[in-house]
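# What the coordinates show
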Amino acid sequence: MRENAISLQNYRTYLSKFQSLIILISLTIIVGLLSERFFSINNMWNILRQTSVNLCISVGMTMVILTGGIDLSVGSVLGFTGAVIAGLLKNGLTLTPLGIVIQYEPLGAAIVGILVGLALGLFNGFVITKFRVPPFVATLGMLTAARGFTMLWTKGYPITGLGEKFGFIGTGWLLGIPMPVWISGIIAFLGAMTLRKTRFGRYIYAIGGNEKAAKLSGVNVDKIKLWTYAISGALSAIAGLIVTSRLDSAQPNAGTSYELDAIAAVVIGGTSLSGGKGSIIGTVQGALIMGVLNNGLVLMGVSPFWQQVIKGFVIILAVILDKLGKKEE
Amino acid sequence: MIEEDVILETRNITKKFPGVIAVNGVNFKVYKGKVNALVGENGAGKSTLMKILAGVYTDFEGNLMLNGKEVRFKNTRDAQEKGIAMIYQELNLLPNLSVMENIFIGREFLDKFQMVDYKKMYEESVKILQKLDLDINPKRIVSELSVGQQQMVEVAKALSLNARVIIMDEPTSAISEHEIETLFKVINSLKKQGVAIVYISHKLDEVFEISDMITVMRDGKVVGSGPKEDFDYNKIVRMMVGRNIKDFFVKSQAEISEEFFKVENICLKSKDDPNKYIVNNVSFTLRKGEILGIFGLMGAGRSELLEAIFGVHPKLSSGRVFLEGKELEINSPEDAIKAGIGFVPEDRKQAGLILSMAVSQNITLTNLKNVEKLIFISEKKENDLVEYYINRLNIKTPSPQQIVENLSGGNQQKVVIAKWLAVKPKVLFMDEPTRGIDVNAKSEIYKLISELAKNGLGIIMVSSELPEILAMSDRIIVLSEGRKTGEFKVSEANEEILLKAAIPRSMKIRETNNTIKTS
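These numbers come from a predicted model, not from an experiment.

Rules of the game
- Residues numbered from 1 in each chain as written.
- Chains lettered and ligands numbered in written order.
- Predicted model: local features only at pLDDT ≥ 70, side-chain atom pairs only at ≥ 80, totals over all residues.
- Heavy atoms only, no water.
- Pairing = 2+ DSSP bridges.
- Helix = DSSP H or I, 4+ residues; strand = E, 2+ residues; numbered from the N terminus.
- Axes fitted to C-alpha atoms, helices over the stretch in contact; angles between N-to-C directions.
- Parallel < 35°, antiparallel > 145°, perpendicular 65-115°, else oblique.
- Left-handed = near helix turned anticlockwise from the far one by under 90°.
- Contact = heavy atoms within 4.5 Å.
- Nonpolar A, V, L, I, M, F, W, Y, C, P; charged D, E, K, R; others polar.
- Buried area = accessible area lost by both parts, 1.4 Å probe.
- Salt bridge = Lys/Arg side-chain N within 4 Å of Asp/Glu carboxyl O.
- Polar contact = N/O pair within 3.5 Å; in protein donor to acceptor, adjacent residues only side chain to side chain.
- Buried < 20%, exposed > 50% of the residue type's maximum accessible area, 1.4 Å probe, protein only.
- Phe/Tyr/Trp six-rings, centres within 6.5 Å; stacked < 30°, edge-to-face > 60°.
- Lys NZ or Arg CZ within 6 Å of the ring centre and 35° of its normal.
- Patch = residues over 30% accessible without salt bridge, like charges linked within 9 Å, V, L, I, M, F, W, Y side chains within 5 Å.
- Areas by Shrake-Rupley, 256 points an atom, 1.4 Å probe, with all protein chains shown as cover.
- Lys, Arg positive; Asp, Glu negative; His and termini not counted.
- Charge placed at Lys NZ, Arg CZ, Asp CG, Glu CD.
- Expected span 1.5 Å × (residues − 1).
- Core = buried A, V, L, I, M, F, W, Y, C linked by side-chain atoms within 4.5 Å.
- Domains from an automatic or database assignment.

All names here are of chain B. Spatial ordering of the open sheet is given by E6-E7-E8-E3-E9-E10, a layout of 6 strands whose pairing is mixed. Strands at the two margins of the open sheet, each flanked by one partner only, are strand E6 (84-87) and strand E10 (221-227). Going from strand to strand, the sheet's axes swing by 15 degrees on average, the running direction of each strand aside. In this sheet, strand E8 (residues 196-200) lies alongside strand E3 (residues 35-40) in parallel orientation, the contact comprising 4 bridges.

Structure (structure tokens):
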């Protein structure tokens, strides 16, 4: 009979596993009923494309949150790295003392941009692990600083006209699937594999579950944490790459408040903010819920002001449902 | 016993959970002004019974009688208002509030402006604490108090609620010997005030010392009940497990060979005060196949000694560690594990396990490299390894994928031991390896420790339970205030000798002062 109790418990976890999927499907149906334009192939690709930027960021955010941390700097890092990439493409890099200008191809610029994102993430991780600054504060600092860097780099103006070749990343199609969907899909897949199948992933869950026990078990807690922030930075840069390419320009305020969408996707996807529990699959669903909602509200012609209100309450509702699903006894 | 002295009584109470009868037709009487001890293994039904008394479970069969009248509590608050308070193992205080705020939480005195009347709160708190003969400033923040003092605050709170029955669940599991004395004093003064104490404990010595009435439970039933004088140690253990004490400690003599592990001058500085040493110049050696017991009172630095060696505090610790003739450079637990040391920590929930993870994931956490195939964790390798340890240690779990939080304490502890055996250690540190687990699991763990020693492992076992350390160790070192104050072959040691070495000098001075005063 003890087994009986356990199977009941399994049933509950089973249900809560599909919680966000159920929300996603019902939301899709509701929006589809309310707007006839919703269920078209074109619009489906649209949703996926729009979701891809948030998804890239959310994968890194999931890892950070699983360790029990948070990364508020992702939106600013996206903005800055996008601007770096655009600047390098448009103007090259001027090494003033040597009087040389290095010109960049899209690939080179993208790599530099991603490395900058990685470096900013490493800096976050370094401050958090070395000086024990709470992640909320450290990444809040970076949120502000990276936005400042962006303003310095762009002087406050958009950098536009980046070339057709570069535009392929954000607007092109490959084998009938939009490029951003490829990129975010691959990132989500790799992220899920990392979390489920590798030592690094296992350690992330262990740290979020019980940092002290993980440390005593020989896990190099600081190193693992450092790299989750680095990954988050690099993935934000990839998101920045997509945004910049799609718009064919880097806006100085690009990515503002994206951290909130990412956190929302992670939390709606069932990842615990205190760490240790959650998955990328959940996050993918969470990001899609946000995407469908955004898209549906626009299609239905809801005013942007109301859109925000509705989005906010949907986030709260999703988390309430998640809690109810997990409540024991 | 006079029946009029019965304040609370259960008549034929049964409580079923889906499929399990946790409490089965129990008759249990709680006497006024007495300590009513309740003993039994984990899972014997003690906690369920207590939760019925305290109003946590309200749907049960049978009758609950309070002062001879049938009652049915609506909830814990209702039970509290009727004079029944429970002090849980995990204390229920708000750590950031003061002692007095905790005592009067939810019942604050208000002044004429409807603001909290702290002056009155202070005065009332002083009164209650005085009644208990406790020297605690009501304005102190609870988190600054020791666990023992916090417990006293719980008692004070219960008393301020006018409790007539106080249920204490394993009250001595986390407090020092000295604090146990204080607790017992308080219990005695409560008795004099006519309060009934229900005392749940694993530690039978204590039960004999403090209780008046003893009730033994097994498998949801009461198997014995009566005045303390009707029982002895062996009888209780026999009742609890249905077998004899001799089979309890399993110690088979292992072949003790050469000295292979040595530590010299281990020191650990206090985090808060760099001039204070928590561990002070401790050296010892260990032979293959030997079980070295480390005894000391709470705060003697026992766990900290192990932690210092294990690289938990690299910046605060110093000293040299040698294994098989080579000096080790240990700056992190990672280094210690690589060198061949395992560490079963004292607190399995805080330090031993990732409670939210599966049994299998906990076991492989220390040795994931061994179950990897290229860069991925191989499910097959992981399962094979985990199956092996589940069988080897007889871990009772529905599946390896079960979340470890859902296992019983004894099985959780086995998971902790499994994860350390999986690193194939040469030296295994075990800090209180049987704390808070039931008698059967204890016995199994003793057997396991003996077997491990027989296989040539060197074991260092910290324990605060004297019978345990005397039964299991080959050699014992004693710590007091961070220093090594004694080293004995087990044949030379007894409880008195170990205790004498363990009592801090400051306490000894106080003792002599007392003798002078009295003489």
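Residue and element names in this part refer to chain A. Running from N to C, helix H3 (residues 41-66) and helix H12 (residues 258-268) cross one another at 65 degrees; their axes reach a closest spacing of 8 Å. By the angle class used here, H3 and H12 are roughly perpendicular. The two elements H3 and H12 cross, and the hand of that crossing is right-handed. From H3, Val53, Asn54, Ile57, Ser58, Met61, Thr62 and Ile65 reach across to H12, where they touch Tyr258, Glu259, Asp261, Ala262, Ile263, Ala265 and Val266. Classifying every residue of the contact of H3 with H12 gives 9 nonpolar, 3 polar and 2 charged.

Below, the discussion takes up the interface of chain A and chain B. Of the residues lining the interface, 25 residues belong to chain A; the matching set on chain B comes to 34 residues. Where chain A abuts chain B, roughly 2500 Å² becomes buried across the two surfaces, and 58% of that area is made up of carbon and sulfur atoms. Three residues stand out in chain A for area buried against chain B, namely Arg199, Arg202 and Leu216 of chain A, and they jointly supply 30% of the buried area on that side. There are 3 salt bridges connecting chain A and chain B. Between Glu379 of chain B and Lys197 of chain A there is a salt bridge, with the nearest N and O atoms lying 3.3 Å from each other. Counting every contact that joins chain A to chain B gives 8 residue pairs in polar contact (both at pLDDT 80 or more). Looking at the side of chain A that touches chain B, the elements that each hand over two or more residues are helix H1 (2-17), helix H8 (179-197), helix H9 (199-209) and helix H10 (211-216) of chain A. With 6 residues, H9 of chain A is the single largest residue contributor to the side of chain A that touches chain B. In the side of chain A that touches chain B, the residues fall into 10 nonpolar, 8 polar and 7 charged.

Residues and elements named next belong to chain B. Ordered in space as E16-E19-E20-E13-E21-E22, the 6 strands form an open sheet in which the pairing is mixed. Edge strands, defined here as strands with exactly one partner in the open sheet, are strand E16 (341-344) and strand E22 (483-489). Averaged over all pairs of adjacent strands, the angle between their axes in this sheet comes to 20 degrees, without regard to strand direction. Pairing of strand E21 (residues 475-480) with E22, which is carried by 6 bridges, proceeds in the antiparallel orientation. Pairing of Val478 across the sheet is with Gly486, part of E22. Here helix H17 (residues 495-502) sits on the sheet and contacts strand E13 (291-296), E21 and E22; the angle it forms with E21, its principal contact strand, is near 30 degrees.

Bringing the side chain of Ser249 of chain A into the picture now. All names here are of chain A. Tracing the backbone shows Ser249 in strand E6 (residues 249-250). For Ser249, a relative accessible area of 4% gives the class buried. Ignoring any residue separated from it by four or fewer positions in sequence, one finds Ser249 in contact with Ile159, Thr160, Leu162, Val243 and Thr244.

Turning next to the packing of aromatic side chains. Residue and element names in this part refer to chain B. Taken as a whole, this structure holds 12 aromatic pairs over all chains when the rule is applied. Judged by centre distance (5.0 Å) and plane angle (55 degrees), the rings of Phe104 and Phe109 are tilted. For Phe104, a relative accessible area of 5% gives the class buried. Members of the aromatic cluster, joined through ring pairs, are Phe261, Phe310, Phe343, Trp420 and Phe429. Lying across the ring of Phe60, Arg72 places its NZ or CZ 4.0 Å from the centre. Sitting above the plane of the Phe322 ring, Lys262 keeps its charged end 5.1 Å from the centroid.

This part covers the pairing of strand E4 (residues 61-66) of chain B. For a regular strand, the rule is simple: side chains alternate between the two faces of the sheet. All names here are of chain B. As defined by bridge partners, strand E1 (residues 6-17) adjoins E4 across 5 bridges and the pair is classed as antiparallel. Looking across to E4, one finds that Glu9 is bridged to Met65. With 3 bridges joining them, E4 and strand E5 (residues 69-71) adopt antiparallel strand pairing. Each bridged residue has a counterpart across the sheet, and for Leu66 the counterpart in E5 is Lys69. Connecting E4 to the next strand, E5, in antiparallel fashion are 2 residues, including Asn67 with a positive phi near 50 degrees.

All right, on to the pattern of salt bridges then. Considering all chains together, one arrives at 27 salt bridges over all chains under this definition. Note that Asp222 of chain A and Arg132 of chain A form a salt bridge whose closest N and O atoms lie 3.0 Å from each other. Of this pair, Asp222 of chain A sits in helix H11 (residues 221-247) while Arg132 of chain A sits in the loop between helix H5 (106-130) and helix H6 (135-154); the two residues are 90 residues apart in sequence, bridging distant segments of the chain. For Asp222 of chain A, a relative accessible area of 28% translates into the label partly exposed. Residue class for Arg132 of chain A comes out exposed when judged on its relative accessible area of 54%. One connected set of salt bridges, linked through shared partners, spans Glu290, Arg475, Lys484 and Glu487 of chain B.

Next up on the list: a negative patch on the surface. Judged by side-chain charge, Glu177, Glu181, Asp205, Glu209 and Glu495 of chain B come together as a negatively charged surface patch. Elements that contribute at least two residues to the negative patch include exactly helix H6 (177-192) and helix H7 (204-210) of chain B.

Residue and element names in this part refer to chain B. Two numbers describe how helix H14 (residues 409-421) lies on helix H15 (residues 439-454): the axes approach to 10 Å, and their chain directions differ by 15 degrees. Compared by their axis directions, H14 and H15 come out roughly parallel. Considering how the two elements wind past one another, H14 and H15 form a crossing that is left-handed. Contacts from Gly410, Gln413, Lys414, Ile417 and Leu421 in H14 reach Ala441, Glu444, Ile445, Leu448 and Leu452 in H15. Here the residues of the contact of H14 with H15 sort into 6 nonpolar, 2 polar and 2 charged.

Residue and element names in this part refer to chain A. With 20 residues, helix H13 (residues 280-299) should reach 28 Å at 1.5 Å per residue; the first-to-last C-alpha distance of 28 Å fits that figure. Burial analysis of H13 places 15 of its 20 residues in the buried class, the great majority of the element. For H13, the N-terminal capping position is held by Ser279, with its side-chain oxygen 3.1 Å away from the main-chain nitrogen of Gly282. Positioned one or two residues after H13, Gly301 has a phi angle of 70 degrees, which is positive.

Another aspect to go through is the nonpolar core. Side chains of nonpolar character tend, in soluble globular proteins, to be buried together. Membership of the largest hydrophobic core comes to 153 residues, with the highest contact counts inside it found for Phe261, Phe284, Phe310, Phe429, Ile460 and Leu498 of chain B. Per-element accounting of this core gives the leading share, 10 residues, to helix H4 (residues 74-91) of chain A. Two domains each donate at least three residues to this core, and these are domain 2 (255-340 + 425-519) and domain 3 (357-423) of chain B. Leaving out residues up to four positions away in the same chain, Phe284 of chain B has contacts with Phe261, Lys262, Val263, Leu292, Leu305, Ile309, Ile460, Ile477 and Lys484 of chain B. In this structure, Leu134, Leu145, Val186 and Ile197 of chain B belong to the second largest nonpolar core, which totals 36 residues.

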